[in-house]
Every structure is written in C-alpha cells, then in structure tokens.
Amino acid sequence: MRHVGNLLPSAIKKRYALVSDKEISVILDASGFLYSDQWGSKGLSRRVAMAELWRDQGKKLILLPQAFGPFERAENRALMGKLVGLAELVYARDQESYDYLAEVAPGAQNLRLAPDFTNLVKPVLSPEAEKYRGAVAVVPNQRMLDKQSGEAASNYQDFMVAACRKLREAGKSVFLLLHERGDRALAAELQSRLGNDLDIVFRDDPVELKGIIGQCDFIFASRFHAIVSALSQGVPVIGTSWSHKYRRLYEDYGANELLISTLSQANETFGRILADLCQVESRDRINQKLAAAAQLQKQKAAGMWDEIFAVAAC
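Residues numbered from 1 in each chain as written. Predicted model: local features only at pLDDT ≥ 70, side-chain atom pairs only at ≥ 80, totals over all residues. Heavy atoms only, no water.

1. Looking at unusual backbone geometry
Here is step 1 of the chain: Between G69 and the following residue, P70, the backbone shows a cis peptide bond with an omega angle of 0 degrees.
Here is step 2 of the chain: Structurally, P70 can be placed in the loop between β2 (60-66) and α3 (74-86).
Here is step 3 of the chain: One non-glycine residue, N196, lies in the positive phi region at around 60 degrees.
Here is step 4 of the chain: For N196, the position within the fold is in the loop between α7 (184-193) and β7 (200-201).
Here is step 5 of the chain: What makes N196 exposed here is its relative accessible area of 52%. (Helix = DSSP H or I, 4+ residues; strand = E, 2+ residues; numbered from the N terminus. Buried < 20%, exposed > 50% of the residue type's maximum accessible area, 1.4 Å probe, protein only.)

2. Considering the sheet that holds β7
Here is step 1 of the chain: Strand order across the open sheet formed by six strands is β7-β6-β5-β8-β9-β10, with parallel pairing between neighbours. The open sheet is flanked by β7 and β10 (259-260), the only strands paired with a single partner.
Here is step 2 of the chain: Sheet topology note: the strand β5 (residues 136-139)/strand β8 (residues 218-221) ladder contains four bridges and is parallel. From the neighbouring strand, A137 faces β8, where its bridge partner is I219.
Here is step 3 of the chain: Here helix α10 (residues 244-252) sits on the sheet in contact with β9 (237-240) and β10, set at roughly 155 degrees to β9. (Pairing = 2+ DSSP bridges. Contact = heavy atoms within 4.5 Å. Axes fitted to C-alpha atoms, helices over the stretch in contact; angles between N-to-C directions.)

3. Description of the side chain of S41
Here is step 1 of the chain: Along the chain, S41 turns up in the loop between β1 (26-29) and α2 (42-56).
Here is step 2 of the chain: Of the residues examined, S41 reaches a relative accessible area of 10% and is grouped as buried.
Here is step 3 of the chain: Of note is the side chain of S41, whose polar atom sits 2.5 Å from the side chain of N76.
Here is step 4 of the chain: Aside from chain neighbours lying at most four places away, what touches S41 is R73, E75, N76 and L79. (Polar contact = N/O pair within 3.5 Å; in protein donor to acceptor, adjacent residues only side chain to side chain.)

4. A short note on the nonpolar core
Here is step 1 of the chain: Among the nonpolar cores identified, the biggest contains 65 residues, and F175, L177 and F270 are the most heavily contacted of them.
Here is step 2 of the chain: Among the elements that line this core, the one with the most residues is helix α6 (residues 150-169), at eight residues.
Here is step 3 of the chain: Non-local contacts of F270, meaning those with residues more than four positions away in its chain, are made with F159, A163, K166, L167, F220, I238 and I260.
Here is step 4 of the chain: If you look at the next biggest cluster of nonpolar residues, it comprises 23 residues, including L44, L61, F71 and L86. (Core = buried A, V, L, I, M, F, W, Y, C linked by side-chain atoms within 4.5 Å.)

5. As for the packing of aromatic side chains
Here is step 1 of the chain: Per the stated rule, a full pass over the model turns up eight aromatic pairs.
Here is step 2 of the chain: Both rings, one in F224 and one in Y246, keep their centres 5.7 Å apart while their planes meet at 80 degrees; by these two values the pair is edge-to-face. Taken as a pair, F224 in helix α9 (residues 224-231) and Y246 in helix α10 lie far apart in primary sequence, 22 residues in all. The same class applies to F224 as to Y246, namely buried. (Phe/Tyr/Trp six-rings, centres within 6.5 Å; stacked < 30°, edge-to-face > 60°.)

6. Considering the confidence of the model for the chain
A low pLDDT means the predicted coordinates there should not be read in detail.
Here is step 1 of the chain: Confidence in the prediction for the chain averages 91 pLDDT; 92% of positions are at 70 or higher.
Here is step 2 of the chain: Note on residues 11-17: pLDDT under 50 across the span, and six contacts to partners over four residues away in sequence or across chains. (pLDDT = per-residue confidence, 0-100.)

Okay, here's the thing in structure tokens:
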C-alpha cells in the first residue's frame, strides 16, 4: 500500500496535489518531542526503520528543530545514535538537547542548533480577535498531568485555578485558550471549578490562535508552542514547565524570570510575576526586551532554512 501512489496517472496526481513516494527526495521531520526516554522506544524504533528505507531510496532526512533527550536507556541511546547517522542534518532546539545528541552520536558533523521555526509564522487576525485585546489567555496542558507525579499533577490543577482567580482579582479579563484539542477535558474541569463563567476558546487554525495571543496584554501558558507564539510576538508569558525545553526556550529570550520551573512555590512566584506585568511601565520594558530577542531568534531560524534549502538542492 505504501507505493500505491506510484501507480496513479500523473494527471490525477496533479489535479489533487498528490505526489508519489518516488517523487520525494527530502523528508523534513518536525515530530516535536518524540525522541526521548519520556516517550519510550516504539516511535524511535519505527523512525529508524523508515530512515533506513529512505536512505536506501536515496532520500535525504532532515530533523527540524525540536527537543531531544534525555537518553538514559541503552536501547534509546543506540537508536538515537543510529538515527543521527542516517540523517543529513539534525537541528536541536536548545543546547541541552544538542548535548544529549552529542552524547549518543559522538563526533557527528551534522548536528546543529536552531530555534523553533514557528517563530517565523505570521499570525492571522480573525474577525473576533479584537475582542481579546488587553485580555489574558490561560493555556492549560494535559502533559502537566500525565508527565509528572501524582502529587505534582494535583498541584498543577489547584495552581491553575488559584492563578485564574488572582488574574481576576487583578482586574484582568481572563479566558481559557486551547492550543491542543487534547486539553479540552482539562479546560472544562478548570472552567467548572471557576464557576463556569470563563470562556473556552479554540481555533483549528494555529495562525488564528497566534493572532489571538498577539492581542493579549500577556498570557499564562503551559503549552510550548503557545509560549513560542507569545514570545515571538513580544508578548510576555508566564509559563510552567514539565521538560527542559521550556527552561531553554525562556533562556533564548532572556526571560527566565517569567518561567515557573517548579510548582512547590508556584503561587508565590506567580503573584510576583503578575505584579510586574500589571504595571504598564514594567510590562512595556518586558515587551521591548522580548521583541529584540524575537528578532534575533527569527534571524537564526531564517538562517537554518537557508542551509536546509542549500542541502536539499544538492
């Protein structure tokens, strides 16, 4: 079934914008966060098998910027080292991920550092986006529950509820913004605990989500790409973390003070950050710092694409 596209007439493929397997020469892997002990060996093993097939077919595999590691399990270390060897280029999204790759593939010459490329995606302002100007979007993340211990998961939900109440007490207009469909149940639970009077907003188009985020004074988010969408537009974002990728992202933007790394003192930390963001002068200063950092990150992402296109053309 994999090669059925090779049997279709060229006129049919052109009409429906289809390509056959034999017409593909470069594969761009944007898995996000698949390659880590946190996700097991199954997905990594499948990707290695596909990479071997693509190599035999003369295709080039390029792993786009994403988080990698850690790789403590011997099986995963071996698999990831093999995948690096099969790829033309491998872009780590942060220094920690790069170091994990260098450990499993010592001496590899195809490793690179580059920021998340979605920072280059331009937001789209939907007709309703204006209604969120000056508001605060709260973006929950189911991963904060299933990738942490039972106590930390419970603390996260309590903290999110307390944070929403603090935002309201500060006079902010608050709404729940879904950045992934899988977070709907969590958002509904938060909505229920807050009296069912918080709107839950979702858009299928991520550029519309980015447009909504761009209208906010600031946001409070646990989803990585919601945080990228904010930072890349110079919008302050109070973040939570379950992986090293969050810490490294905030470092790239020089905004470590906006990240809540652990939930043990989250309420106190949130209150301190909120006080700063509710002061116009302080928030404007943070806006300017983030905008300058965003420009640098976008230049790095553009440079990455230049290298990719050059390699793909060879």
